[in-house]
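# Understanding the architecture of this molecule
Chain residues, written in single-letter form:
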Amino acid sequence: KLGKLLKTQGLPSLSTKRQHLRISSDKGCRQRDIFERELAGEVIAPQTDPEFDTFLAVQRHSDALTHKLNTLPYLGDEMKPVLKELFAEYDKSTMLIPPFYTDFGKNTRLVHRSNRNSRLVLLT
C-alpha cells in the first residue's frame with residue numbers, strides 16, 4: 001500500500017528513497033546532503049526540505065557570480081577567478097563570451113579548451 005501511495009503522489013519508491021538517503025564511505029554511512037540528493041535526481045521540495053535554505057543560498061551566490069561575469073571584459077583575466085569559483089571544474093584555457101546565464105553552476109565542468117559563445121544558458 002505504501003508503495004502505491006508514493007507512486008500516486010509522484011514520489012520515488014521506498015527502496016529508491018533509501019538509496020538517496022545514505023552514502024557508504026570508509027567511515028560508515030552518512031546522510032546525503034541536498035546537493036548530492038539533487039544531483040542523484042531526487043526531487044527537492046522547497047516547502048519541506050530542511051536544507052533548502054542552503055541550496056537557495058548557493059543558487060543566489062551563483063546568480064551574483066553570473067551577474068559579475070556579465071559585466072567583466074571577456075578577453076581579460078578578470079573572469080578567470082570568478083569562473084573558478086562558480087563552476088565545479090574550470091580549465092583556464094576555456095573561453096566564455098558573455099552574456100552568460102546559469103541557475104547553479106556547482107555541477108558544471110568546463111574542460112580544456114572549451115569555447116562557449118554568447119547567450120549561453122546552462123541549467124544545472
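None of the values given here were measured: they were computed from a predicted structure.

Right, let's get into the overall build of the chain. A tally of helices and strands in the chain yields five helices and eight strands. In the chain, the order of α-helices and β-strands from amino to carboxyl end is α-α-β-β-α-α-α-β-β-β-β-β-β. Per-residue burial over the chain gives 27% buried out of 124 residues. Nonlocal contacts in the chain, meaning residues at least 24 apart in sequence, comprise 19% of its contacts between residues at least 6 apart.

As a further point, take the packing of aromatic side chains. Counted under the stated rule, the structure contains five aromatic pairs. An aromatic cluster of three or more residues is present, and its members are Phe35, Phe52, Phe55 and Phe104. Between the NZ or CZ atom of Lys106 and the centre of the ring of Phe35, over which it lies, the distance is 4.9 Å.

This part takes up the packing of helix H4 (residues 52–71) against helix H5 (residues 79–86). Put simply, H4 and H5 touch, their axes get as near as 10 Å, and they point 160° apart. Judged by the inter-axis angle, H4 sits roughly antiparallel to H5. You can see that H4 and H5 cross each other, and the crossing is left-handed. Residues His61, Ser62, Leu65, Thr66, Lys68 and Leu69 of H4 pack against Met79, Val82, Leu83, Glu85 and Leu86 of H5. Broken down by class, the residue content of the contact of H4 with H5 amounts to six nonpolar, three polar and two charged.

So, about the pattern of salt bridges. One side chain can pair with another of opposite charge once the charged atoms of both are near each other. Under the criterion given, the structure shown has five salt bridges. A salt bridge links Arg37 to Glu42, with the shortest nitrogen-to-oxygen separation between them at 3.1 Å. As far as the burial class goes, Arg37 and Glu42 line up, both buried. The shortest N-O distance in the salt bridge between Arg37 and Asp49 comes to 2.8 Å. You can see Arg37 sitting in helix H3 (residues 34–39) and its partner Asp49 sitting in the loop between H3 and H4, a full 12 residues away along the chain. One network of salt bridges, in which partners are shared, links Arg37, Glu42, Asp49 and Glu51.

On to H5, then. Each full turn of the α-helix corresponds to 3.6 residues, which orients residues three or four apart in the same direction. Considered for burial, the residues of H5 that qualify are Met79, Val82, Leu83 and Leu86. Summarising the axial view, the buried residues of H5 lie within an arc of 100°, below the 170-degree limit, and thus occupy one face. Counted as exposed and oriented over 90 degrees from the buried face of H5: Pro81 and Lys84. Of the surrounding secondary structure, the elements contacted by the buried residues of H5 are H4, strand E3 (89–90), strand E4 (95–96) and strand E5 (100–102).

On average, the chain scores 77 in pLDDT, and the residues at 70 or more come to 77%. Ranking the elements of the chain by mean pLDDT puts helix H2 (residues 14–21) last with 43 and H4 first with 91. Here residues 1–6 is modelled with pLDDT under 50, and outside its nearest four sequence neighbours on either side it reaches six contacts, counting other chains as well. Segment residues 13–24: pLDDT under 50, and 23 contacts once partners within four positions in sequence are set aside and those in other chains are kept.

Reading the values: the criteria
Residues numbered from 1 in each chain as written. Predicted model: local features only at pLDDT ≥ 70, side-chain atom pairs only at ≥ 80, totals over all residues. Heavy atoms only, no water. Helix = DSSP H or I, 4+ residues; strand = E, 2+ residues; numbered from the N terminus. Buried < 20%, exposed > 50% of the residue type's maximum accessible area, 1.4 Å probe, protein only. Contact = heavy atoms within 4.5 Å. Phe/Tyr/Trp six-rings, centres within 6.5 Å; stacked < 30°, edge-to-face > 60°. Lys NZ or Arg CZ within 6 Å of the ring centre and 35° of its normal. Axes fitted to C-alpha atoms, helices over the stretch in contact; angles between N-to-C directions. Parallel < 35°, antiparallel > 145°, perpendicular 65-115°, else oblique. Left-handed = near helix turned anticlockwise from the far one by under 90°. Nonpolar A, V, L, I, M, F, W, Y, C, P; charged D, E, K, R; others polar. Salt bridge = Lys/Arg side-chain N within 4 Å of Asp/Glu carboxyl O. Arc of directions from axis to C-beta. pLDDT = per-residue confidence, 0-100.

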